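# Structure at a glance
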Amino acid sequence: MELTEAKEILKNNGYLVESTNKTEIDCSNWHWVKSMSSYNNNYYYDTLSDVEFYLEECDEDYGDYINDGDDTTDEDLGMNGIWLMPINEAGSYHKYDVIDYYAIDSDYGTMDDLVTLINECHKRGIKLIMDLVLNHSSNSNDMFNKAVEAHEKYLAGFTLSKEEEKYKDFYSFSDTASVPTGYARVPGKSFSYECNFSGNMPEFNCDSQYVREEFQNIINFYLDKGIDGFRLDAVKYYYMGNNAKCVELLSEINKWVKMKNPNAYVVGECWELSDKIISAYYESGIDSFFNFEASVSNPYGYLLNSINQEGRFCYKYYDGLVSNIEIAGSGIPAPFINNHDTPRFTSKGDINRSKFQFALLQMMNGSTFTYYGDEVGMVGTNTGTNPDQNVRIPILWGSGKGDCTPPGGTTVLEYPYDTVSSQLNDKNSILNYYKKVLLIRNQNPEIARGEVTLVEMDRENAKLFVKKTYNGSEIGLIFNFNAINDLNVNYQSFGFTEVVGQIVIDSSEEKYIGIQEDGSLLLPPYSIAIVK
């Protein structure tokens, strides 16, 4: 899809939302939030709910899907942040092999289209960040070709021009006779290049001052275009096996970004399950790092596993609420469940479970991230022999036109749940559930920023009651983790007096959280009450 079409699809189908009522929208669909008592000064971004988009070729536009720019409507998701996967000119369908950092891939449109998309997002109060691939480029990138030629002349003892001196060590080359692990021989040459991901993606020599200058030029170029920040790809591979040097470079990147735009937001992909390592990366000053510990990439991830054992594992979720904040220190947590590199989490057999798991994500601190298609129950896996393309298939809009083409190499194309159009008209749909959850998050800034205190936990009855305090305001979040049984809670005994919101998985049966004669609350299965 071209970027102009993407803008129209997002606008007309409700993925773009403009709001003048910040109480209602601030914490919407940007998934980056944390307590301001300990966060950095990037105030806006710590309350965002983000959606990750993989752009594909489409026939038509689909409008206000993310956010329609009108506070009076409820047809849109209410997202206030978008992360675009790579859009630069590249050789593959996924675009992580960048050929030209200063051009938009022709599959998606032009640079003017990007600027239009940025402006349309900003009109609706939406921030737009883009994937920035700095660890490696394509082997078809002109910089790599220049580097190979310059390095060959250098090894042969020729006098190098000023430009050749710049490029001779621009990439991570090895001159040893044997090819080191993680390297590939340059065809027809005596030296090899580092390529931990693929032979067609050579890795930069990040010690080169010229490489760092180029990184800064790229960053400045897109900040000048109006982009609101970056998702940094594969940051632990900048210096593979040397976290300290990776953190040092990230500190430089953060400095370059903030010098140009102090309000820009940067989130890094450091695929680690170690709290200690992620906390060390936050020392770079980068705003956020994805919390892989909470995601499907961790077989013990608390967002999925806290529901197990009939809800008795609810303590895992509470531990996760706390660790999510602690890991980030003074930064902004970035929890998520799945993305373009992981299996999708939605269950084909138990959609109630998947709905509740999304609600658990949205009750967390920090800037949360949602993968496109989760909101309509898209499924797919890239485990075993299944390729990544199977988790990057297109949404079905359901209007009879404009559905995208699956990426080449897709082996399974499965849609167990209805199209966007059908779900918009079904009050009990996955899509409408997502909208309700996000509205609750947006209306209560304590959810995204509040300090977490345990009020009550009863593992046998799958009950968790926490308090979040932000800027002198307190709310209580009461969770029923059980899939079958109702839960009775005497919330008033803890100083709370009113119910200000509720999240229930089944709207069709009108089974809402009820106040009993004695003033206690009765929570149906997989529900959340918000009290003050």
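Structure first, text after, so check above.
Everything quoted here is computed from the prediction, not taken from an experiment.

Our next topic: the overall build of the protein. Helix and strand counts for the protein stand at 14 helices and 24 strands. The contacts of the protein with a sequence gap of at least 6 include a subset with a gap of at least 24, amounting to 69%. Element-wise, carbon and sulfur atoms account for 45% of the exposed surface of the protein, whose accessible area totals about 19600 Å².

By secondary structure assignment, the location of Asp287 is in the loop between α8 (275-282) and β14 (288-291). At 2.9 Å, the side chain of Asp287 and the backbone nitrogen of Val266 are in polar contact.

Within the element layout of this structure, Trp271 appears in the loop between β13 (265-268) and α8. A relative accessible area of 31% places Trp271 in the partly exposed class. For the pair Trp271 and Asn291, spaced 20 residues apart in sequence, the C-alpha to C-alpha distance is 8.4 Å. The residues contacting Trp271, other than those within four sequence positions of it, are Lys236, Phe292, Ser297, Asp341 and Thr342.

Take the state of the cysteines next. Under the defined criterion, the tally for this structure stands at 0 disulfides. No disulfide involves Cys206; its sulfur sits 8.0 Å from that of Cys246, the nearest cysteine.

What follows concerns the pattern of salt bridges. Scanning the entire structure with this criterion turns up 26 salt bridges. With a shortest N-O distance of 2.9 Å, Glu152 and Lys189 are connected by a salt bridge. Residue Glu152 is found in helix α4 (residues 142-155), and its partner Lys189 is found in the loop between β10 (183-185) and β11 (192-194); the two are separated by 37 residues along the sequence. The class of Lys189 is partly exposed, set by a relative accessible area of 28%.

What follows is about the layout of surface pockets. Taken as a whole, the second largest pocket holds about 350 Å³ of empty space. Taken together, 18 residues make up the lining of the second largest pocket; nearest its centre are Tyr96, Phe197, Asp233, Asp341 and Arg392.

Attention now moves to the packing of helix α3 (residues 111-123) against helix α6 (residues 209-225). The interhelical angle for the contact between α3 and α6, taken along N-to-C directions, is 55°, at an axis separation of 10 Å. For the element pair α3 / α6, the angle class is oblique. Contacts between α3 and α6 involve Met111, Leu114, Val115 and Ile118 from the former and Phe221, Tyr222 and Lys225 from the latter. Class assignment for the residues of the contact of α3 with α6 results in 6 nonpolar, no polar and 1 charged.

Procedures and definitions
Residues numbered from 1 in each chain as written. Predicted model: local features only at pLDDT ≥ 70, side-chain atom pairs only at ≥ 80, totals over all residues. Heavy atoms only, no water. Helix = DSSP H or I, 4+ residues; strand = E, 2+ residues; numbered from the N terminus. Contact = heavy atoms within 4.5 Å. Areas by Shrake-Rupley, 256 points an atom, 1.4 Å probe, with all protein chains shown as cover. Polar contact = N/O pair within 3.5 Å; in protein donor to acceptor, adjacent residues only side chain to side chain. Buried < 20%, exposed > 50% of the residue type's maximum accessible area, 1.4 Å probe, protein only. Disulfide = S-S within 2.5 Å. Salt bridge = Lys/Arg side-chain N within 4 Å of Asp/Glu carboxyl O. 1 Å grid on protein atoms, 1.4 Å probe; cavity = no way out; pocket = protein on both sides within 12 Å on 5 of 7 lines; lining within 4 Å. Points joined across faces, edges and corners; volume = space filled by probe spheres on them. Axes fitted to C-alpha atoms, helices over the stretch in contact; angles between N-to-C directions. Parallel < 35°, antiparallel > 145°, perpendicular 65-115°, else oblique. Nonpolar A, V, L, I, M, F, W, Y, C, P; charged D, E, K, R; others polar.

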